[in-house]
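Descriptive analysis of the structure
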Amino acid sequence: TAEQHCQQGRPDQAARIYQAVLAQDPDNNWARLALAASLKAMLRLEEAAHHYELAIQTDPSIAAAHNNLGNIYKDLLQHEAAERCFKRALELEPDSALALQNLGGVYSEQGRAAEAIDAYRQALHIKPDYAKAHHHLAFTKRHDQVDDDVKAMERLYASARLSPDDRCHLAFGLGKAYDDLGLYQQAFGYFAEGNRLKHQLDNHPLAHTLRLIEAIRGMRCNFSPAQIPPDRPGDPIPIFLVGMPRSGTSLTEQILANHSMVHAMGELPTLGELLFSSVGNFPHGLLQLDHEAWRQLGSKYLDHVRRLSGGSAFITDKMPFNFLYTGFIRLMLPQAIIVDCRRNALDTCLSCFKCNVVERSEVYTGNLVELGMCYQQYRSLMEHWHQQLPGWITTTSYEDLVSIPQQTIGRLLKACGLSPEEDCLQFRGSQRTVATASALQIRQPIHGKSVHAWKHYANELQPLRAIVGEDQ
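Please read all numbers here as calculations on a predicted model, not as lab measurements.

1. Some details on the environment of Val-106
When you line up the elements, Val-106 lands in helix α7 (residues 97-109). Ignoring any residue separated from it by four or fewer positions in sequence, one finds Val-106 in contact with Lys-74, His-79, Ala-82, Glu-83 and Phe-86.

Quick look at the structure:
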């Protein structure tokens, strides 16, 4: 049945069944809502939103439909629309802790920290054991004492009835609180437990990603001029910000987003999806694609981003793991600009270790050794792309952005073909939506507090230090 396909991770097969039901019975709202959920699971977000909208037109009283539509708008970075949906869900169900938690997420990504904190507190008033709301509250506020919020997390964390997922959320929330307080040994204990639980819950083991990186590094692409398609005049020029997560991609995008010619699009899954779906034997099958096939893939990407670019001449795509596809971007989109965002290896890996990302993410892991291995593989693959495409990739340093921002931003703009603009130096004041774990940090004044933050955890990070060293 369709529900079994969904439960077993086959949303594409479930969607086909629901589409067949709707072909026979277009007014079947249950099937339409189920189809929308299946499409969202397949990351076909615009189609999913369309079907939720149709379902709401049929029956506007379904709070869950408004809530789910809000989540899709949030993923599409349409935060005003998402806010309207969550507020409508709350009008229909005022005691919906879920809608309040989601509304808090929208506020947080817009830099509206006080409103986000209020929404999380309202959710916790309704549902005191809502671990995810505790976690998000902890990451939205700055802790200066073991206050009632921390004590509430500790009491709940001590409960024997918690699910592994809830315990995972609380562990990261408590780790964040104790990190704020400078109690690093206690913080690391919570981060380690959160990562252990996350590692158990993860359906995408890092070993698979490490094998993928190794396979791509062994491929030899044909970068001859005859293989590379021509530019398409009139299309936005993509600027891909790649690197390890937590390496400064959000900070770099925030700087570029303040330029008058740039539209920031956040972390787009589009590129990886196009490449993965283009061949049966991924990644090796990509070597069989000819000039025309690469041109068509590039056109599909450009068609997608052009609809969302607002007519801007440049767009940014900051999906960090696109570093895998750097060479393929050259074959698809020769006009594209690649910016490799670098940060100290230990700071990068520690920041990953401290961040709970519950969605699929190829490099987050509960194992410090694996995390170090992934960082090394990332550096190795980028060196491979630098050798294959000399002079095409721009590298920028997080530490330089923090310590010498004016010079570093000037070099970044020049590398991207952008004229200097004063607003790019005032990026910290931007209220642009930022849909990552860095949403609140990058709005703070420039400081060096996170440079060499790993030293607070020097003893605990010995397994990682043995792999990546201290100077990268």
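Additional details are given in the paragraphs that follow.
2. A closer look at the sheet that holds strand β1 (residues 237-242)
Spatially, the 5 strands line up as an open sheet ordered β2-β3-β1-β4-β5, and their pairing is parallel. The strands lining the two open edges of the sheet, one partner per strand, are β2 (262-264) and β5 (393-397). Here the average twist between neighbouring strands, direction ignored, is 25°. Relative to strand β3 (residues 314-317), β2 runs parallel, the two being bridged by 3 bridges. Looking across to β3, one finds that His-263 is bridged to Ile-315. Taken strand by strand, helix α14 (residues 249-257) contacts β1, β2, β3, β4 (337-342) and β5, and its axis lies near 150° from that of β1.

3. Looking at the pairing of β3
Burial of the side chains of β3 extends over both faces: Phe-314 and Thr-316 are buried on one face and Ile-315 and Asp-317 on the other. Where β1 meets β3, 4 bridges bridge the pair, whose relative direction is parallel. For Pro-238, the partnering residue across the bridge sits in β3 and is Ile-315.

4. Quick word on the nonpolar core
Formed by 80 residues in total, the largest nonpolar core has its most connected members in Leu-275 and Tyr-301. No other element matches helix α19 (residues 368-388), which puts 8 residues into this core. Each residue touching Leu-275, except ones within four places of it in the same chain, is listed here: Phe-282, Leu-286, Trp-294, Leu-297, Tyr-325, Phe-328 and Met-332. Counting residues in hydrophobic clusters, the runner-up holds 41 residues, among them Tyr-52, Cys-85, Ala-99 and Tyr-107.

5. Digging into the pairing of β4
Along β4, 6 of the 6 residues are buried, which leaves the element largely enclosed by surrounding structure. Burial along β4 is two-sided: the residues Ile-337, Val-339 and Cys-341 and Ile-338, Asp-340 and Arg-342 are all buried. Where β1 lies against β4, 4 bridges are found, and the strand directions are parallel. Paired with Leu-241 across the two strands is Val-339, which belongs to β4. The pairing of β4 with β5 spans 5 bridges and is classified as parallel. Directly across from Ile-338, in β5, lies its bridge partner Ile-393.

The rules behind the values
- Residues numbered from 1 in each chain as written.
- Predicted model: local features only at pLDDT ≥ 70, side-chain atom pairs only at ≥ 80, totals over all residues.
- Heavy atoms only, no water.
- Helix = DSSP H or I, 4+ residues; strand = E, 2+ residues; numbered from the N terminus.
- Contact = heavy atoms within 4.5 Å.
- Pairing = 2+ DSSP bridges.
- Axes fitted to C-alpha atoms, helices over the stretch in contact; angles between N-to-C directions.
- Buried < 20%, exposed > 50% of the residue type's maximum accessible area, 1.4 Å probe, protein only.
- Core = buried A, V, L, I, M, F, W, Y, C linked by side-chain atoms within 4.5 Å.

Any link to function would need more than the numbers given here.
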